[in-house]
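Each chain, written out:
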Amino acid sequence: MKKIKFITCLIIAVFMASVFIQSCASSKEAIANKSGAQLWGENCIRCHNTPSPADFNDAQWKTVGLHMQVRANLTKDEAEKIVVFLQSAN
Amino acid sequence: MKIKIISVFFFMIAFGASFAQDTIQTQLDVITSEIQSLKKEDKTHFMLRGFAQFGLDATHDNINFNMTSFNPVLLWRQGDRFLFESELEMEFINNELDIHLGFANASYVVSKGLIVRVGKFLIPFGTFGEKFHPSWVNKFSTTPLGVGHDGIAPSADIGIEIRGGLQLGKSKLNYSIYGVNGPGIKDGTDEPEEAGMLSFENSTDNNNNKAVGSRIGFLPFANSSLEIGASGYYAMPGSEESPFEGDTLNEDLNYKEVSALLTAFDLSYVKIISPLKSIIDIKGQYSLSTVSKATYFNPEDTMRYSFTNNSSAYYAQLAFRPALADNAFLKNIELVGRYSAYTTPEGSLWESKQSQIAVGLNYWFTWRTVLKASYQITTIEKEGAPGEHSGHGGTTGNVFSLYFAVGL
């Protein structure tokens, strides 16, 4: 039982350390300069597979983008950049 | 004579060229007009989307084809800030088409991090009900125990909400605060075996109290891979009048002072593991419902009784998909495992204790089309009210399922 507790604590500690290291790794500027393609890869996958840009036309992507801004609580900048990327790649 | 012929020939060429130019100009005008028209249409746009799921369940004594869901979703955008969305939930149950309004609401983007929403909307209590319930998003054909319709928490309600997402340095924060009609409490007059249970399927409020709730989500990593959320929901579910009015023996029983406090914690971690050429997806949610103590009447033995009205449900899910593999078949395979448990109040007539293990193998044809094969083992330590709080149709025991789900 003690071993299980120790291993659990160790896993949590390693996880928290990786959280801390990773959060220190990126600068504010790098986040502001993220491309629409990068945001598309990072955010859509949180709930579902990344969508194919070819599946919708420009007007449809704009509607889907607003829908996802509301549903997934994307920031306005994220939603706009992702939509521009999908419109440029479809 | 020759000069005449040459003159006529040149005249015809000049006339032809001029005519052709007019035709091209006319065609250009039509195309320009169509582009302008499309640009105008872009201001307001209507879309029909949704999802569907069908397949079969096999137990040791029965194999049954199921059409579990067909949910058309309507989206209507007006400009850049206004969105109307609605979902119809269609199910085929006992040879009859059952249609519900899943949600119908209007959202307006007020500013960068503020959206106002009114109407019937999915309640952001935890994450499963709001984000992961569509059949092409849910990695199993069933929902975890205690989650979704007939779960211990609300799935949708009518009211007003403010919500949004904000960048906080390298991290992100999202929030939702809402007021809705809220639940009722089953007093046992119609269904004695469900006395004390919260009822979330109400189109009208049974009192003047509104339920209020909130969810805060925090994404500490710059790459948005981890989200940790906390939800709270408070309601006064009882009616003003006693449900036993006119019954001299029980008219002192009243539920207007009963309160309900619901809390939930959720976690989502999705990360591309480059060395394994894979995506790992971890999801989890813990929900707790605490309803204040009250006295109920059991018409079967004409006795009064009371119990500590606490329910809880949780699930943990792990998915692994070698999506970056070079092999075209392997990259579409996904392995999934889920454990969920659900406990209802001890001493109530709907007392129940269940747990469930599910393992699955999914094949993704496209990003929104999937074939889901799973084996689900449900263990019932104590039986609850029949048909309540389980996956589709109250299925229990060991079940093999094969379902096809598509996002439309």
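Just above sits the structure.
Below is a summary of the structure that appears in this document. (Residues numbered from 1 in each chain as written. Chains lettered and ligands numbered in written order. Predicted model: local features only at pLDDT ≥ 70, side-chain atom pairs only at ≥ 80, totals over all residues. Heavy atoms only, no water.)

### So, unusual backbone geometry
Residue and element names in this part refer to chain B.
- We note that Asn-95 has phi near 65°; this positive angle belongs to a residue other than glycine.
- Position of Asn-95 among the secondary structure elements: in the loop between strand S3 (82–93) and strand S4 (96–111).
- Classification of Asn-95 by relative accessible area gives exposed; the value is 69%.
- With a phi close to 50°, Thr-302 is a non-glycine residue in the positive phi region.
- With respect to the element layout, Thr-302 can be found in the loop between strand S14 (295–298) and strand S15 (303–306). (Helix = DSSP H or I, 4+ residues; strand = E, 2+ residues; numbered from the N terminus. Buried < 20%, exposed > 50% of the residue type's maximum accessible area, 1.4 Å probe, protein only.)

### Here's the deal with the pairing of strand S11 (residues 226–235) of chain B
Residues and elements named next belong to chain B.
- One ladder, built from seven bridges, connects strand S10 (residues 211–219) with S11; its direction is antiparallel. What sits directly across from Val-212, in S11, is Tyr-234.
- Once S10 ends, the chain turns through six residues before running back antiparallel as S11, passing Ser-224 with a positive phi of about 60°.
- Of the pairings in the sheet, the one linking S11 to strand S12 (residues 260–273) comprises ten bridges and is antiparallel in character. Directly across from Gly-232, in S12, lies its bridge partner Thr-263. (Pairing = 2+ DSSP bridges.)

### Topic: the nonpolar core
- Ranked by internal contacts, the top residues of the largest apolar core, which has 28 residues, are Phe-125, Tyr-178, Val-180, Tyr-233, Tyr-255, Leu-262 and Tyr-296 of chain B.
- For this core, the element with the highest residue contribution is S12 of chain B, accounting for three residues.
- Setting aside its immediate chain neighbours within four residues, Phe-125 of chain B contacts Ala-153, Tyr-178, Ser-231, Tyr-233, Leu-262, Thr-263, Ala-264, Gln-285 and Ser-287 of chain B.
- Counting residues in hydrophobic clusters, the runner-up holds 27 residues, among them Cys-47 of chain A together with Met-47, Leu-75 and Tyr-315 of chain B. (Core = buried A, V, L, I, M, F, W, Y, C linked by side-chain atoms within 4.5 Å. Contact = heavy atoms within 4.5 Å.)

### Here we look at the packing of aromatic side chains
Residue and element names in this part refer to chain B.
- Taken as a whole, this structure holds 21 aromatic pairs over all chains when the rule is applied.
- Centroid distance Tyr-178 to Tyr-233: 6.4 Å. Interplanar angle 40°. Geometry classified as tilted. With a gap of 55 residues between them, Tyr-178 in strand S7 (residues 171–180) and Tyr-233 in strand S11 connect regions that are remote in the sequence.
- Accessibility expressed as a relative area gives 3% for Tyr-178, which makes it buried.
- Residues Tyr-314 and Tyr-339 carry aromatic rings whose centres are separated by 6.2 Å and whose planes lie at 45° to one another, so their mutual orientation is tilted. Taken together, the positions of Tyr-314 in strand S16 (residues 309–321) and Tyr-339 in strand S17 (residues 333–343) put the pair 25 residues apart, joining distant regions of the chain.
- Between Arg-338 and the ring centre of Phe-140, over which it is positioned, the NZ or CZ distance is 4.7 Å. (Phe/Tyr/Trp six-rings, centres within 6.5 Å; stacked < 30°, edge-to-face > 60°. Lys NZ or Arg CZ within 6 Å of the ring centre and 35° of its normal.)

### Things to note about a nonpolar patch on the surface
Residues and elements named next belong to chain B.
- A cluster of nonpolar side chains, namely Phe-265, Tyr-286, Tyr-314, Tyr-339, Ile-357, Val-359, Phe-365, Leu-371, Tyr-375, Ile-377, Phe-400 and Leu-402, defines an oily patch on the protein surface of about 1100 Å² accessible area.
- For the nonpolar patch, the secondary-structure elements that each account for two or more residues are strand S18 (353–366), strand S19 (369–382) and strand S20 (398–407).
- Within the secondary structure, Phe-365 is located in strand S18. (Patch = residues over 30% accessible without salt bridge, like charges linked within 9 Å, V, L, I, M, F, W, Y side chains within 5 Å. Areas by Shrake-Rupley, 256 points an atom, 1.4 Å probe, with all protein chains shown as cover. Salt bridge = Lys/Arg side-chain N within 4 Å of Asp/Glu carboxyl O.)

### A few points about the packing of helix H3 (residues 36–43) of chain A against helix H5 (residues 76–89) of chain A
All names here are of chain A.
- Interhelical geometry of H3 versus H5 gives an angle of 110° and a closest axis separation of 8 Å. Taken as axis vectors, H3 and H5 run roughly perpendicular relative to one another. Facing H3, whose interface residues are Gly-36, Ala-37, Leu-39, Trp-40 and Asn-43, H5 presents Glu-78, Lys-81, Ile-82, Phe-85 and Leu-86. (Axes fitted to C-alpha atoms, helices over the stretch in contact; angles between N-to-C directions. Parallel < 35°, antiparallel > 145°, perpendicular 65-115°, else oblique.)

### Thoughts on the interface of chain A and chain B
- Each partner contributes residues to the interface: chain A has 39 residues there, and chain B has 51 residues.
- Counting the surface lost from both chain A and chain B, the interface buries some 4100 Å², and carbon and sulfur atoms represent 59% of this.
- The largest contributions to the chain A side of the interface with chain B come from Arg-46, Arg-71 and Asn-73 of chain A, which together make up 18% of the buried area.
- Residues Asp-77 of chain A and Lys-112 of chain B are paired through a salt bridge, measuring 3.5 Å at the closest nitrogen-oxygen approach.
- The interface formed by chain A and chain B includes 20 residue pairs in polar contact (both at pLDDT 80 or more).
- Taken together, the elements giving at least two residues each to the side of chain A that touches chain B come down to helix H1 (2–25), helix H2 (28–32), H3, helix H4 (58–71) and H5 of chain A.
- The dominant element in the side of chain A that touches chain B, judged by the number of residues it contributes, is H4 of chain A, at ten residues.
- Among the residues forming the side of chain A that touches chain B, the class breakdown is 14 nonpolar, 15 polar and ten charged. (Buried area = accessible area lost by both parts, 1.4 Å probe. Polar contact = N/O pair within 3.5 Å; in protein donor to acceptor, adjacent residues only side chain to side chain. Nonpolar A, V, L, I, M, F, W, Y, C, P; charged D, E, K, R; others polar.)

### So, the environment of Ile-333 of chain B
Residues and elements named next belong to chain B.
- Within the fold, Ile-333 resides in strand S17.
- Looking at Ile-333, the relative accessible area reads 14%, which means it is buried.
- Along the primary structure Ile-333 and Phe-365 are separated by 32 residues, whereas in three dimensions their C-alpha atoms are 9.4 Å apart.
- If near-sequence neighbours (up to four positions away) are discounted, Ile-333 is found in contact with Phe-320, Arg-321, Pro-322, Leu-361, Asn-362 and Tyr-363.

### Some words on H4 of chain A
Residues and elements named next belong to chain A.
- Here H4 spans 20 Å end to end across 14 residues, near enough to the 20 Å set by a 1.5 Å rise per residue.
- Residues Ala-59, Trp-61, Thr-63, Val-64, Gly-65, Leu-66, His-67, Gln-69, Val-70 and Arg-71 constitute the buried set of H4.
- Of the residues one or two after H4, Asn-73 is the one with positive phi, at around 55°. (Expected span 1.5 Å × (residues − 1).)

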